[in-house]
Amino acid sequence: MNALGYWLADARRGQETLFMKRFAPTHWTVNFPRPMMASVVTTAPDALRVDAVFYGSGDLAGLIWEAEDRWSHALLAYDTDRDFRDCVLRFRWRSGGLRRLDQTHGPTLTIEGRDAAGHARAWYVRLWNYASGGPEDAVVTLDFSAIRSGFLPSEGEEVWAGDVDRMFLSLAAPTYDAGSTPFAAGVEGWCELSDMRCDGAGSVLRVGDVVLPEHGLSMATGYDDCFNQTPERIVASIHALGYRGDINHYVGMSHYFRLEPLGGGLYISLAGGVLNAPCAAWHADFARQAKAFGLGMIWSLSYELFDAHCWNDWKQRAEDGTPALTGWSPPSTLLSPAHDGAMSYLRMVAGAFVSIGLAAGIPISFQVGEPWWWVVPADGRICLYDDAARAAFGGALVSIPDVRGALSGGQKALLDRAGEVLAASTAALCAWVKGVAPGAVTHLLAYLPTVLDPLAPEAKRANMPLGWASPAFDVLQLEDYDWVTQGRERLTARGVELAVERLGYPVEAQHYLSGFVLRGEDVAQWREIAAAADAAVRRGTAATFIWALPQVARDGFTCFRLSGEKDVQAFDDVSFPLAIGREASVAPAFSTQVVESVSGHERRSSDWADARLSFDAGPGVRSEADMAALIAFFRARRGAARGFRFTDPYDDRSCGMGEAPGPLDQRLGLGDGVRTAFPLQRFYGAGEEAQVRRITRPVAGTIRVAVNGAEMVGGWSHAGLGMIAFDAAPAEGAVLTAGFRFDVPVRFAEDRLDINRATFAAGEAPSVPLVEIRE
């Protein structure tokens, strides 16, 4: 199987391009303040539509065109051109439920940039001044070389459009007054720009036209991250970047619902329907676009909701009554699986999204995304004490101040009961989906670091209940992005193993969602994400997803499959077959640059931090049987192509030769409360001048580890290549040490092995040179 590769593209460097018209409908975006909602979709190659819902008299949405493409992947972005003067934009404007073109605060074009002197400026252009027709159906013509700001052209000033950052059209409800008066109910409005044309010398932009080969991965994304863009732009990007199969689409937790006012706040409502109009319009187009590009969809719905709009009795609560709140800002909350109203609402939402998929004619796949009883990360409190949960648990209800560590029989029984309630809620949700779409394929997404937290081994009773065991769902989906981005691949492997052991889904009924990079400054995490995705593909997972598209675009993550075997990196984890004893020769070598001046003084610089070893294993060949074994081993390694283990007869352990390794022999490092993986090292010398040797091939069963001088018999493992992985991060300042035996990774120094039977019989040992390889 070919390996997965990637690079982070920050710009196009010779890749394919084509040309697009400036102001193409696909590349407009929307923006707005909470709690209102808006979306933009393409309705034709030359048309777009915006839907909006307003909840107060000051709500204002913007339909935006940016001179710099900040949303596309670098290989798909359009070129930045801030000079708008050599183009004319024409479109037909139609609207309903919005402030009209002829009114004050009607649709206004705001142009942000700099004037001819380079000073930052914003100009406000009333569209009605450039419209022909009625206030809700007109043709608008904007010549950027000759437009003026102001309510009336005679009152304003000429706009200098030679250095524009962005422009946006403002959209407001009919009773907009820039105030803060709440509406009695949401006010819906829409506008459509059709017959869009851009003419003139500046009307064309170069745009990336990269189409990557299929690489075997699929894409996961979420509405809360990409609601501001057109579905056509989103789906086209996914396809162009080589992702195929289903789009795992999280419908989000903060933008799909309708709201109703109560007591000065806004709360989730079913008045007028389930989904708000902008969300329904966006997802209907998203499903159509997915079908047009040959991609499927998995509709993902979680138990998470934006806290500010969630009914208080729906929320999971800790024992002291505080609601379950996530770490997002502003926070989201978790719905109680025991609350009939909350679960009924989720079923209605699921049915609404599934119905959109049915209308688009795509096969229905549905995911229950990360359903769990929330555990407060700071102190281990589990949030299963809301009123509905208390009633459901009845006599099983006991106090669990901290779900981590050892628990009593009664506490375990409560967690088991909580798991039963959770499993019943997910079963009811999937049954509802199958009632709407009888052929639906159901998925469960479990987040391994929470449900299989090594610090809370009993939490799985509540958060990975046996009621989820196969065949409760058609597909088990697993993700563990915290472990992935922290480089804790051992926990990933163990977590998958435990989940399968507990729930029984075969690998062909599993999906894996690899990690995501939350912050742009952490782009190095893509290395671990790609490795985790590749490992999932190699273990036979039915589908593997990269999460998520906005981060892929932001960082330019570009994925591909490497054809052919990477022989130069191959290593066979086998030992040299001959026992050579102390007869072999060893030669440690450094690389030092020495510059000698005419006065005889020297300047020396060391190129290598560690010595590189060379061996001659020829003296280990003592018989014709040894010679035959050597030749067979040489051929199996393909000469110098493949590495192997070799035991250095003079230096093969963390302590002195002839001694047994102990857990205090060598330094691993100092704990910081975060880091969990530490490499094995062998120190030569003392203090700051000690030379450090990285150990990558420890001998199995010989490693001993200590923390603050006390040996650990568990809680750690060898994750490979000499990396010691702790189940929990050692405390800050903890002194970590280890003892071990080790081999040297080597290869044959040459692709030729010269052995002469006559000279061997005369007592001359053959030369078998080996050279250390860096890992």
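Heads up: the structure comes first, above all this text.
A short tour of the structure in this document, coming up. The shown structure was predicted, so the numbers you read here are calculated from the model rather than taken from an experiment. (Residues numbered from 1 in each chain as written. Predicted model: local features only at pLDDT ≥ 70, side-chain atom pairs only at ≥ 80, totals over all residues. Heavy atoms only, no water.)

This brings us to the overall build of the protein. Per the secondary structure count, the protein includes 14 helices and 44 strands. The principal-axis extents of the C-alpha atoms in the protein amount to approximately 110 × 80 × 50 Å. Across the 775 residues in the protein, those meeting the buried criterion constitute 52%. Element-wise, carbon and sulfur atoms account for 53% of the exposed surface of the protein, whose accessible area totals about 32,500 Å². (Helix = DSSP H or I, 4+ residues; strand = E, 2+ residues; numbered from the N terminus. Buried < 20%, exposed > 50% of the residue type's maximum accessible area, 1.4 Å probe, protein only. Areas by Shrake-Rupley, 256 points an atom, 1.4 Å probe, with all protein chains shown as cover.)

A separate point is the sheet that holds strand E11 (residues 137-143). Across a sheet, strands are paired by hydrogen bonds formed along the backbone, either parallel or antiparallel in direction. The antiparallel open sheet is built from six strands, whose spatial order is E4-E5-E13-E7-E11-E10. Edge positions in the open sheet fall to strand E4 (37-44) and strand E10 (131-134), since each of these has one partner strand only. Sheet twist, expressed as the mean angle between neighbouring strand axes with direction ignored, is 20 degrees. Across the sheet, helix H3 (residues 277-292) touches E4, strand E5 (47-56) and strand E13 (182-199), and the angle it forms with E4 is around 35 degrees. (Pairing = 2+ DSSP bridges. Axes fitted to C-alpha atoms, helices over the stretch in contact; angles between N-to-C directions. Contact = heavy atoms within 4.5 Å.)

Of all ten residues in helix H2 (residues 231-240), seven are buried; the element is thus mostly enclosed. Within the sequence span of H2, burial applies to Pro231, Arg233, Ile234, Val235, Ser237, Ile238 and Ala240. One or two positions beyond H2, positive phi appears at Gly242, with a value near 90 degrees.

Before going further, it helps to examine the sheet that holds strand E24 (residues 475-479). The strand order around the closed barrel formed by eight strands is E15-E16-E19-E22-E23-E24-E25-E26, and the pairing between neighbours is parallel. This sheet shows a mean twist of 25 degrees between the axes of neighbouring strands, independent of strand direction. Pairing of strand E22 (residues 365-369) with strand E23 (residues 441-447) involves five bridges; the strand directions are parallel. Across the sheet, Gly369 pairs through a bridge with Leu445, a residue of E23. Contacts from helix H6 (residues 409-436) reach E22 and E23, with the element oriented near 160 degrees to E22.

Turning our attention to the packing of H2 against H3. The N-to-C vectors of H2 and H3 enclose an angle of 30 degrees; their axes lie 9 Å apart at closest approach. The two elements H2 and H3 meet at a crossing, and its hand is right-handed. Between H2, through Pro231, Glu232, Ile234 and Val235, and H3, the contact on the second element is made entirely by Trp282, Asp285, Phe286, Gln289 and Ala290. Residues that form the contact of H2 with H3 fall into these classes: six nonpolar, one polar and two charged. (Left-handed = near helix turned anticlockwise from the far one by under 90°. Nonpolar A, V, L, I, M, F, W, Y, C, P; charged D, E, K, R; others polar.)

What follows deals with a nonpolar patch on the surface. Residues Leu270, Met348 and Trp432 make up a contiguous nonpolar surface patch of about 270 Å² in total accessible area. On the secondary structure map, Met348 appears in helix H4 (residues 340-360). Its relative accessible area of 33% is what places Met348 among the partly exposed residues. (Patch = residues over 30% accessible without salt bridge, like charges linked within 9 Å, V, L, I, M, F, W, Y side chains within 5 Å. Salt bridge = Lys/Arg side-chain N within 4 Å of Asp/Glu carboxyl O.)

So, on to the nonpolar core. Where a protein is soluble and globular, its nonpolar side chains tend to be buried together. In this structure, Phe144, Tyr256 and Trp373 are the most contacted members of the largest nonpolar core, which totals 188 residues. Contact partners of Phe144, with chain neighbours within four places excluded, come to Phe23, Phe84, Arg85, Cys87, Leu89, Leu109, Ile111, Val159, Ala161 and Met167. Of all hydrophobic cores here, the second largest spans 17 residues; its members include Leu613, Leu630, Val746 and Phe748. (Core = buried A, V, L, I, M, F, W, Y, C linked by side-chain atoms within 4.5 Å.)

Our focus in this paragraph is the pattern of salt bridges. Taken as a whole and judged by the stated rule, the model has 46 salt bridges. Close ionic contact of Asp83 with Arg85 constitutes a salt bridge, the shortest N to O distance being 2.8 Å. Classification of Asp83 by relative accessible area gives partly exposed; the value is 22%. Accessibility expressed as a relative area gives 33% for Arg85, which makes it partly exposed. For Asp555, the salt bridge goes to Arg554, with nearest N and O atoms at 2.8 Å.

Coordinates in, geometry out; function isn't part of it.
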